[in-house]
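Survey of secondary and tertiary structure
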Amino acid sequence: MATMSSCFEVCSVPSSTRLLGIEPMCGGENIIVTTEKSVRVYRVRDQKLLHTWSIRQGGQLTSPALFNPRTEEFIVLQNKKTICLWTKDLEHLHKCTKVTVKKPISHLKLLPDADPIIVFEGGSPWWLASITAAPDTAVLDVLDIDEELVWCDVTRRGGGVLVVCVSREAKTNNQSSSYTAYLCELLPGNQDTPDYQTLQLAPPSDASTLLCCCLDEHLMSVWSCGSVCSHSLDSSLAAAEDEGVVVPGNVLHKLDLPKGGVGSVSMVMLGPHHVGLAMEGKDSVQIWDTKFWTLQADRPLQDIAGTGVEKLYRYGDHLIVARQTSVAALSFSTQPTSLAAVMGKQTAEAAALVPQEWGGPAKKRRHLSVESSALLQKLLDPQQTKDLPSFEQMFSELKKDEDLLGSPSAVSQLVQRVVSEDRFWARSALTELVGTGLLSGSSSPGLFERVEKENDLDLWRSCLQNVKELPEASLVARVRHLLGLDDSLLEAESAEVPMETAEQDVPACPLSAAKAALLDQVLCHSYSGLFLQDSLTELQFTQVMVFLRYLQYKLTSAPAPSQGQQGSVLSVDQVVDWLCALVDAHFTQLVLTPESRDVLLGLHEVVRQRLQFYQGLNDLDALLAQLKDKSAPLVTKKQDESLYSIRTIQIF
């Protein structure tokens, strides 16, 4: 017996990129969503984006990212031959540790309490540590030249890890393709070239093609004729000398496929006797019992954006559903399969397990007392606080309750009450709420817009410093607001500009000192390049030109990343990222508009000068390195404490 809860959306997938895969973070409650351009980490229970990294233009990610809990490192493939490793504290993906190998890699695999494994396109599996330690290791291809690797997975086998790869060999003369499974057992600490065994997967009928596989104690496959087959792995491993033995699959069930067949099917193991199944043409997720092959649960996906199901993943007691434009999740529960359950004779006590409904708002972190809850409701009720004096009096009582001001949910609700109130402006209360540091960009919609409406730059700056995780659309909206802000409003705030930023008010800078200082604070926030580019398309072209001139100016004056405090001083790397995203977002308009030519030529000249400068530094670095290697070590005072010494001078 199995049950599924309602489905909820975890995140959306930009239409401009392709989803590569979803992997769980071992030992946590988060998932890693990888597209061709970015790696993002989401917490499933409240759909919160925790981390995001984007790849620069010209690069492409080619595998789902993994998280190794042993080293606390993320791992992903770039352009098939570059292995990228980084920790969660890294802000920009291009600064990660990179190891380049000679042959293209097809898959990255990781089991809990095991080291990561890489599988080359030629079918050869290796421990990741072995390849990163010696990237030039000779890797022999397992597959023949006319074979293509179509599926790969790993499972535990004794004290090691069993790697199973399935290849397809296309036939000529209208013959159907043949499929071969390669089995290789990797043992911990073994750095030698791994051995492998093969078995031929016989299709259940002529002209059948393999649609998908999943691996547990046995290999399960789904074919285009609708047959679900099981292939024993133990028997093939026992016959070590019978290389290439044909193993006919044990047909378990015949699926009712849509008319015309299906192009793709996704299946994932949910336990010893249950699988999750989704197929093209059916907009739903199913759970099947594999002991009696009965349909246990069927959950439609009409409420989730996108069409079809590209792939299913298991994450604990959740099914993760990858669609074309979104990633969704639903919780499930399974019970031991019995004939009584299949016949509908199972007792009510045995069927009492119901999965928890997730997808709603996160629970409050603190438990509020009855008095605190009553006080909060009074402040949230516009009828009980109709004017500013009554609101401030009630808020002064609230400040005495530490539980209320320590609850992110309560603070978020109070902020929404203030920013949605049109009859008065509770500035002092909002200032204290923002100062708690408990707000995030997603929990405080409309906050910046209301502060900008009141032209309160002090509070605006406080929001910028205290509100965490501002989305890229909000950052671009702040840039748009600053670029369109009247300089006369900033003159009154000029005294608030720090001395080091006031020096930016030079003829070469297109903005005033106060506006430049505020804009730098916005640009220092963390962002994802992919979403930033989409948001920058909302800027008007006149604002794009001003912004482009300012970034050109910053390119000549911004310090290197190590010269300023991270997150407080705009660095050259951040300026380059914003420039790349801005030019990409308005590329066509910049090319076709004559007014942009002078700006682009000036920007090109600045970039050329920068490149010459860094080339000079590289030459100087090489020269100094040679001098350092050839110069004799200095004699310290401690080494030369004798009363006299004899030195030999050779004159040429």
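For the structure given in this document, a descriptive report is provided here. (Residues numbered from 1 in each chain as written. Predicted model: local features only at pLDDT ≥ 70, side-chain atom pairs only at ≥ 80, totals over all residues. Heavy atoms only, no water.)

1. A closer look at the overall build of the protein chain
- On a plain count of helices and strands, the protein chain comes out with 19 helices and 29 strands.
- Across the 652 residues of the protein chain, 46% fall into the buried class.
- For the protein chain, the share of sequence-separated contacts (at least 6 apart) that also reach a separation of at least 24 residues comes to 54%.
- Split by element, the accessible area of the protein chain, about 33,500 Å² in all, is 51% carbon and sulfur. (Helix = DSSP H or I, 4+ residues; strand = E, 2+ residues; numbered from the N terminus. Buried < 20%, exposed > 50% of the residue type's maximum accessible area, 1.4 Å probe, protein only. Contact = heavy atoms within 4.5 Å. Areas by Shrake-Rupley, 256 points an atom, 1.4 Å probe, with all protein chains shown as cover.)

2. Structural notes on a nonpolar patch on the surface
- On the surface, a cluster of nonpolar side chains totalling about 650 Å² of accessible area is made up of Phe 613, Tyr 614, Leu 617, Leu 620, Leu 623, Leu 624 and Leu 627.
- Accessibility expressed as a relative area gives 47% for Phe 613, which makes it partly exposed. (Patch = residues over 30% accessible without salt bridge, like charges linked within 9 Å, V, L, I, M, F, W, Y side chains within 5 Å. Salt bridge = Lys/Arg side-chain N within 4 Å of Asp/Glu carboxyl O.)

3. Description of the sheet that holds strand S26 (residues 294–300)
- Pairing is antiparallel in the open sheet, where four strands are placed in the order S23-S24-S25-S26. Edge positions in the open sheet fall to strand S23 (265–271) and S26, since each of these has one partner strand only. Sheet twist, expressed as the mean angle between neighbouring strand axes with direction ignored, is 20°.
- The pairing of strand S24 (residues 274–279) with strand S25 (residues 284–289) spans four bridges and is antiparallel. When the sheet's bridge partners are listed, His 274 is paired in S25 with Asp 289. (Pairing = 2+ DSSP bridges. Axes fitted to C-alpha atoms, helices over the stretch in contact; angles between N-to-C directions.)

4. Overview of helix H10 (residues 457–466)
- Judged by how many residues are buried, H10 sits mostly within the fold: seven of 10 residues are covered.
- For H10, every residue scored as buried is listed here: Leu 457, Leu 459, Trp 460, Arg 461, Ser 462, Cys 463 and Leu 464.
- The N-cap of H10, judged by a side-chain oxygen 3.5 Å from the amide nitrogen of Asp 458 a few residues on, is Asp 456. (Polar contact = N/O pair within 3.5 Å; in protein donor to acceptor, adjacent residues only side chain to side chain.)

5. Focus on the packing of helix H16 (residues 541–557) against helix H19 (residues 597–630)
- Contact geometry of H16 with H19 gives a least axis separation of 10 Å together with a crossing angle of 15°. One finds that H16 runs roughly parallel with respect to H19. Viewed along their axes, H16 and H19 form a crossing whose handedness is left-handed. Facing H16, whose interface residues are Met 545, Leu 548, Arg 549, Gln 552, Leu 555, Thr 556 and Ser 557, H19 presents Val 599, Leu 600, Gly 602, Leu 603, Val 606, Val 607 and Arg 610. (Parallel < 35°, antiparallel > 145°, perpendicular 65-115°, else oblique. Left-handed = near helix turned anticlockwise from the far one by under 90°.)

6. Some points on the sheet that holds strand S13 (residues 125–127)
- Pairing within the open sheet is antiparallel, and its three strands lie in the order S11-S12-S13. Of all strands in the sheet, those with a lone pairing partner are strand S11 (105–109) and S13, marking the two edges. Across the sheet, the axes of successive neighbouring strands diverge by a mean angle of 25°, strand direction being ignored.
- Pairing between S11 and strand S12 (residues 117–120): four bridges, direction antiparallel. Each bridged residue has a counterpart across the sheet, and for His 107 the counterpart in S12 is Val 119.

7. Here's the deal with the environment of Lys 282
- Inspection of the secondary structure assignment puts Lys 282 in the loop between S24 and S25.
- Separated by 26 residues in the primary sequence, Lys 282 and Gly 308 have C-alpha atoms spaced 6.9 Å apart.
- A distance of 3.3 Å separates a polar atom in the side chain of Lys 282 from the backbone oxygen of Asp 256.

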